[in-house]
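Each chain is listed here by its residues.
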Amino acid sequence: MSSDVVSDSRADGNDQEVQGGGSETLSKRQRKKLLKQQQWEEQRDLRKQKRKERKQQRKLERQTQVEDRTDCPDRKRIRKEAEPSSLRLVIDCSFDSLMMLKDVKKLHKQIQRCYAENRRAAHPVQFYITSHGGQLKQNMDEINKGWVNWKDVHIKSEHFHEILSKDDLVYLTSDSPNILQELDEAKAYVIGGLVDHNHHKGISFERAKELGIAHAQLPLSSFVKMNSRKVLAVNHVFEIMLAYLEKRDWKEAFFTVLPQRKGAVPVGQENKQKQDEDSEDSDTNETGKQNSENEKDQTNGKQEEHETEHNLSDSCERTDV
Ligand SMILES: C[S@@+](CC[C@H](N)C(=O)[O-])C[C@H]1O[C@@H](n2cnc3c(N)ncnc32)[C@H](O)[C@@H]1O
């Protein structure tokens, strides 16, 4: 490639031909092309250097991320640390026909959340999704077919009582008179796959009795004073079970998982919170508004039950999975 070919140009038309110093005749377009090629060659080393720098930068970023995760236990856990539990946790999706499509979509998101939390849990459970079909499966197929590649989860079309031994089963339901104390890792705990804003009160308790299987409620009232009923969303029950397996402490498990707006306060600290609210009361209108909402909650238990689960489901919807 000859540089005097380029420097010798006197052309001013777009494609005008110019005479090079040698025998070549080049159009303006060809000259430009040549010039670019030259520059490309000249900058080869510079590009190589920049690539090297970018690579080093990425390496550094990766290292910092790993260090951050080890420093801060709340960050995503590195999966190889996980020690799987033998406890089985089942989401019973046999209530599909009782839900409207918008609630099926919420359930789908709650299940995605359960899957993601189990994948990064310290002690992941043996996760089962049973009676998988109907609107839920259709929605999962339509929204994101990725679920077919989910790992470490048993997704079955059968009802859970067809695939798991009756003696191992414990239905979790807030209406059970039995209060869960310890978790038995040989058991299979069942969560009703239902988003119903408690329109179907006591349905999972009835289901457990019909099937003749054990049932229990989470020991919420022993540790948490709530300003609403104790009916939790599917993913919160699931996450509380995972948190308990890690912390072996119900109180810690509840407070790690339950959202602030559920109004969860440790038992014994209700008065303190009341005093704090009273002292803030005179300061801001916002607190006044909140107080009148609390009063409304107390006089309208039904509406509050409805809103509690609704809010919890919404909180889950905003979470990336
Ligand atoms: C949104 S609730 C469904 C409420 C529904 N009306 C019922 O009676 O089952 C979803 C599921 O979470 C579980 N659950 C919710 N709150 C619970 C609690 N306090 N203790 C144990 N299980 C609970 C139950 O398995 C329930 O079926």
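These figures come from a predicted structure and were not determined experimentally. Within any chain, residue numbers begin from 1 and follow the written order of that chain's sequence. This being a predicted model, a pLDDT of at least 70 is required before a residue's local features are given, and a value of 80 or more before pairs of side-chain atoms are given or counted; all residues contribute to the totals for chains, interfaces and linings.

Describing the UniProt feature "active site" (unreviewed entry) in the protein
At step 1: UniProt positions are given in the numbering used here, feature names are shortened, and annotations may be inferred rather than shown by experiment. Per the UniProt entry, the sites bearing "active site" (unreviewed entry) are D196 in this numbering.
At step 2: Strands are runs of DSSP state E lasting at least 2 residues, helices are runs of H or I lasting at least 4, and numbering of each runs from the N terminus. Following the sequence through the fold, D196 ends up in the loop between β7 (188-192) and α7 (203-211).
At step 3: With sequence-adjacent residues up to four places away left out, D196 is seen in contact with L98, M99 and D103. A pair of residues counts as a contact when their C-beta atoms, built from backbone coordinates, are within 7 Å of each other.

Overview of the pairing of β7
At step 1: Residues with at least 20 other C-beta atoms within 10 Å of their own are called buried, those with 12 or fewer are called exposed, and the rest are partly exposed. The C-beta atoms themselves are positioned from the backbone. Of all five residues making up β7, five are buried, and the element is well covered by its neighbours.
At step 2: By the alternation rule, side chains of β7 split into A188, V190 and G192 and Y189 and I191, which are all buried.
At step 3: Where strand β3 (residues 88-92) lies against β7, five bridges are found, and the strand directions are parallel. By the bridge assignment for β7, R88 is matched with A188.
At step 4: By the convention used here, strands pair only if DSSP detects at least 2 bridges between them. As paired elements, strand β6 (residues 169-172) and β7 share four bridges and run parallel to each other. In the strand pairing of β7, L172 is matched with I191.

Things to note about the site of the ligand
At step 1: Throughout this description, a residue near a molecule or strand is one whose C-beta atom, derived from the backbone, lies within 6 Å of it. The ligand sits among 23 residues. The nearest are L172, S174, G192, S204 and L232.
At step 2: Every element with two or more residues in the shell around the ligand is listed here: β7, α7 and α9 (234-247).
At step 3: Three classes are used, and their members are as follows: Ala, Val, Leu, Ile, Met, Phe, Trp, Tyr, Cys and Pro are nonpolar, Asp, Glu, Lys and Arg are charged, and the others, Gly among them, are polar. Its residues assigned to classes, the shell around the ligand comprises eleven nonpolar, eight polar and four charged.

Overview of the packing of α9 against helix α10 (residues 250-257)
At step 1: Across the interface, α9 lies against α10 with an axial gap of 8 Å and an inter-helix angle of 135 degrees. Considered as vectors, α9 and α10 are oriented oblique to each other. In this structure, α9 meets α10 at a crossing whose hand is right-handed. Across from H236, E239, I240, A243, Y244 and K247 in α9, the residues of α10 making contact are W250, E252, A253, F254, T256 and V257. Axes, fitted as lines to C-alpha atoms, cover a helix only where it is in contact. Angles between the N-to-C directions of the axes lie from 0 to 180 degrees. Here roughly perpendicular refers to angles of 65 to 115 degrees, roughly parallel to angles under 35, roughly antiparallel to angles over 145, and oblique to all remaining angles. Take the far helix as the reference: if the near one is turned anticlockwise from it by less than a right angle, the crossing is left-handed, and if turned clockwise, right-handed.

Brief notes about the nonpolar core
At step 1: One nonpolar core equals one set of buried Ala, Val, Leu, Ile, Met, Phe, Trp, Tyr and Cys residues connected by C-beta atoms within 7 Å. V90, Y189, V190, V237, I240 and M241 are the most contacted members of the largest nonpolar core, which has 51 residues in total.
At step 2: At the level of elements, β3, α4 (101-119), β4 (126-130), α5 (134-143), β6, β7, α9 and α10 are the ones that each hand at least two residues to this core.
At step 3: Once residues lying within four places of it in the same chain are set aside, the contact partners of Y189 are L87, L89, V90, V170, L172 and M241.

A word on unusual backbone geometry
At step 1: Phi at S131 is positive, roughly 55 degrees, even though this residue is not glycine.
At step 2: Within the element layout of this structure, S131 appears in the loop between β4 and α5.
At step 3: A positive phi angle is found at N198, which is not glycine, with a value near 55 degrees.
At step 4: The residue N198 is located in the loop between β7 and α7 in this model.
At step 5: Classification of N198 as partly exposed rests on a count of 19 C-beta atoms within 10 Å.

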